[in-house]
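Coordinates in review
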Amino acid sequence: MDTDHAFGPVRWKQQYEVLHEYLHDLPDVVGVHPPGAQVRVTICRGHLLLPWRYATRSDLDMRDARPGRDLNRLIRDLLILFGPEPSHEEVTLPLMPLTPEEARDRSALREAVEQLTDEPRVLLVGFACNSDEGLLRVSWGEAALLGGTELKWGHVEDLPVGRSRGS
């Protein structure tokens, strides 16, 4: 690409489609378009594969990235429903009302995913990319969502990247 245009809103939707297109011929790969979501989520052998652009440079490890707006509501909801349980949760005060995030009904999302796979697990497929150098780094791993803003990582694995530009 000659511009950063594809690295804005267009990239956000396209990353889900590209991941699905790349994997759809493998055994046990299905796609689900969750109710209310603008994208299709790829499921492979009971794992929800969720793309997440965590950086624009190659020297940042996915585990060190701070979840920002690229860790969107769909990913957060799926981590809450199917991700590992956090090892620590904030204690809520008695009689405190739920936040809008805590109160949101996720039952339709849960049902859509559970129709396709029993006991799904979430794998974040993190990648670093920019318009000048393309895809720089790819990793995947399991993470628990803490307080809606922090990730507590379990197993993470770097994946090989075939360089098409500048290599």
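The structure under discussion appears in the preceding block.
Residues numbered from 1 in each chain as written. Predicted model: local features only at pLDDT ≥ 70, side-chain atom pairs only at ≥ 80, totals over all residues. Heavy atoms only, no water.

**Looking at the sheet that holds strand E2 (residues 41-44)**
- An order of E1-E2-E3-E4-E5-E6 is seen for the six strands of this open sheet, with the pairing classed as mixed. Both edges of this open sheet fall to strand E1 (29-32) and strand E6 (150-159), since each of them pairs with a single strand only. The mean angle between the axes of side-by-side strands here comes to 35 degrees, regardless of whether they run parallel or antiparallel.
- Bridge count between E2 and strand E3 (residues 47-55): three bridges; the pairing is antiparallel. In the sheet register, Cys-44 faces E3, and the bridge partner there is His-47.
- Lying over the sheet, helix H2 (residues 73-82) contacts E2, E3, strand E4 (121-130), strand E5 (134-146) and E6, oriented at roughly 135 degrees with respect to E3. (Pairing = 2+ DSSP bridges. Helix = DSSP H or I, 4+ residues; strand = E, 2+ residues; numbered from the N terminus. Axes fitted to C-alpha atoms, helices over the stretch in contact; angles between N-to-C directions. Contact = heavy atoms within 4.5 Å.)

**Thoughts on the packing of aromatic side chains**
- Counting across every chain of the model gives two aromatic pairs.
- Ring centres of Trp-52 and Tyr-54 lie 5.8 Å apart, and the angle between their planes is 45 degrees; this geometry places the pair in the tilted category. The same class applies to Trp-52 and to Tyr-54, which are both buried.
- With centroids separated by 6.3 Å and ring planes inclined at 20 degrees, the aromatic side chains of Trp-52 and Trp-153 adopt a geometry described as stacked. You can see Trp-52 sitting in strand E3 and its partner Trp-153 sitting in strand E6, a full 101 residues away along the chain. The pair Trp-52 / Trp-153 is uniform in exposure class, with both members buried.
- Three or more aromatic residues joined by ring pairs make a cluster, and in this case those are Trp-52, Tyr-54 and Trp-153. (Phe/Tyr/Trp six-rings, centres within 6.5 Å; stacked < 30°, edge-to-face > 60°. Buried < 20%, exposed > 50% of the residue type's maximum accessible area, 1.4 Å probe, protein only.)

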